[in-house]
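# Breakdown of the fold
Listed below, chain by chain, are the residues.
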Amino acid sequence: MSSIDQIQELDRRWADAEQRGDVAALEALTTDDFTLVGPLGFVLDRQQWLQRYRDGDLVTSSLRWDDVEVREYDGAAVAVGRHTQEASYRGTPADGSFRATHIAVRRDGQWLLAGMHLSPIGGPPPFARPSEG
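Attention in this report is confined to the structure presented alongside it. The model shown is predicted, which means the values in this text are computed figures rather than measured ones.

### Overview of the overall build of the chain
On a plain count of helices and strands, the chain comes out with 3 helices and 7 strands. Put simply, the chain runs from its N terminus to its C terminus through helices and strands in the order α-α-β-β-α-β-β-β-β-β. With respect to the principal axes defined by its C-alpha atoms, the chain has extents near 55 × 40 × 20 Å. Sorting the 133 residues of the chain into buried and exposed places 37% on the buried side. Look at the contacts in the chain between residues 6 or more apart in sequence, and 47% of them connect residues 24 or more apart. As displayed, the chain offers around 7700 Å² of accessible surface, 49% of which is attributable to carbon and sulfur atoms. For the chain, the separation between the mean place of its 14 positive charges and that of its 21 negative charges on side chains is 1 Å.

### A word on helix 3 (residues 46–54)
For helix 3, the full list of buried residues reads Arg46, Trp49, Leu50, Arg52 and Tyr53. Looking down the long axis of helix 3, one finds its buried residues gathered within 145 degrees of arc, a one-sided arrangement. Tucked inside the fold, the buried residues of helix 3 contact helix 1 (3–20), helix 2 (23–29), strand 1 (30–37), strand 2 (43–45), strand 3 (58–73) and strand 4 (76–89). The backbone nitrogen of glutamine 47 has a side-chain oxygen 3.1 Å away, supplied by the residue at the start of helix 3, namely aspartate 45. Phi turns positive, to about 75 degrees, at glycine 56, one or two residues after helix 3.

### Quick word on the packing of aromatic side chains
Tallied over the full model, the rule gives 2 aromatic pairs. For the ring pair tryptophan 14 and tryptophan 65, a centre distance of 5.9 Å and an interplane angle of 85 degrees mean the geometry is edge-to-face. Pair noted here: tryptophan 14 is in helix 1 and tryptophan 65 is in strand 3, with a separation of 51 residues, a long-range link. Using a relative accessible area of 15% as the deciding quantity, one classes tryptophan 65 as buried. The interplanar angle of 40 degrees and the centroid separation of 4.4 Å between the aromatic rings of phenylalanine 34 and tryptophan 49 together place this pair among those described as tilted.

### Focus on the side chain of serine 3
Structurally, serine 3 can be placed in helix 1. Non-local contacts of serine 3, meaning those with residues more than four positions away in its chain, are made with Glu72, Arg106 and Trp111.

### With respect to the pattern of salt bridges
A side chain of one charge can pair with a side chain of the opposite charge if their charged atoms are brought near each other. Tallied over the full model, the rule gives 9 salt bridges. Arginine 54 serves as the salt-bridge partner of glutamate 27, at 3.0 Å between the closest nitrogen and oxygen. Of this pair, glutamate 27 sits in helix 2 while arginine 54 is found in helix 3, placing the two residues 27 residues apart along the sequence. Of the residues examined, glutamate 27 reaches a relative accessible area of 28% and is grouped as partly exposed. Since its relative accessible area comes to 36%, arginine 54 is described here as partly exposed. In this structure, arginine 82 engages aspartate 66 in a salt bridge whose closest nitrogen and oxygen atoms are separated by 3.0 Å. You can see arginine 82 sitting in strand 4 and its partner aspartate 66 sitting in strand 3, a full 16 residues away along the chain. Exposure remark for arginine 82: the relative accessible area of 27% places this residue in the partly exposed category.

### A word on the nonpolar core
Core analysis: the largest hydrophobic core is formed by 28 residues, its most contacted members being Trp14, Leu26, Leu36 and Trp49. Those elements giving two or more residues to this core turn out to be helix 1, helix 2, strand 1, helix 3, strand 3, strand 4, strand 6 (96–107) and strand 7 (110–120). Looking at this core element by element, the count peaks at 5 residues for helix 1. If near-sequence neighbours (up to four positions away) are discounted, leucine 36 is found in contact with Phe42, Val43, Leu44, Trp49, Arg52, Met116 and Leu118.

Cut-offs and rules
- Residues numbered from 1 in each chain as written.
- Predicted model: local features only at pLDDT ≥ 70, side-chain atom pairs only at ≥ 80, totals over all residues.
- Heavy atoms only, no water.
- Helix = DSSP H or I, 4+ residues; strand = E, 2+ residues; numbered from the N terminus.
- Buried < 20%, exposed > 50% of the residue type's maximum accessible area, 1.4 Å probe, protein only.
- Contact = heavy atoms within 4.5 Å.
- Areas by Shrake-Rupley, 256 points an atom, 1.4 Å probe, with all protein chains shown as cover.
- Lys, Arg positive; Asp, Glu negative; His and termini not counted.
- Charge placed at Lys NZ, Arg CZ, Asp CG, Glu CD.
- Arc of directions from axis to C-beta.
- Polar contact = N/O pair within 3.5 Å; in protein donor to acceptor, adjacent residues only side chain to side chain.
- Phe/Tyr/Trp six-rings, centres within 6.5 Å; stacked < 30°, edge-to-face > 60°.
- Salt bridge = Lys/Arg side-chain N within 4 Å of Asp/Glu carboxyl O.
- Core = buried A, V, L, I, M, F, W, Y, C linked by side-chain atoms within 4.5 Å.

Rendered as structure tokens:
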């Protein structure tokens, strides 16, 4: 299995574990210094990220990870894709579609997630839109 295939499998396992709220699986898939940057700019370390599932605060009923491109570098990889979720945080809907970057590192022959960054998906800013005329 190629490294790209292994990273795609890691991401599939991550999405499944998040949807199930499987803290043990999420721990096994991440580095000790894993960091999440959420879609509103907040930052969670690994324990804070996992605690949301331990406490039952975050419930993910559906999670899709698609439109993914993976680039590999010496012992690291970056996957950019679309993260679409149906979820709630403490009973408040947290649904959304986000552009996401996953950072994976190779440790002892295994790929692990070291970080994620989510951003809301919007259109291009005015300066990047084609001019009419």
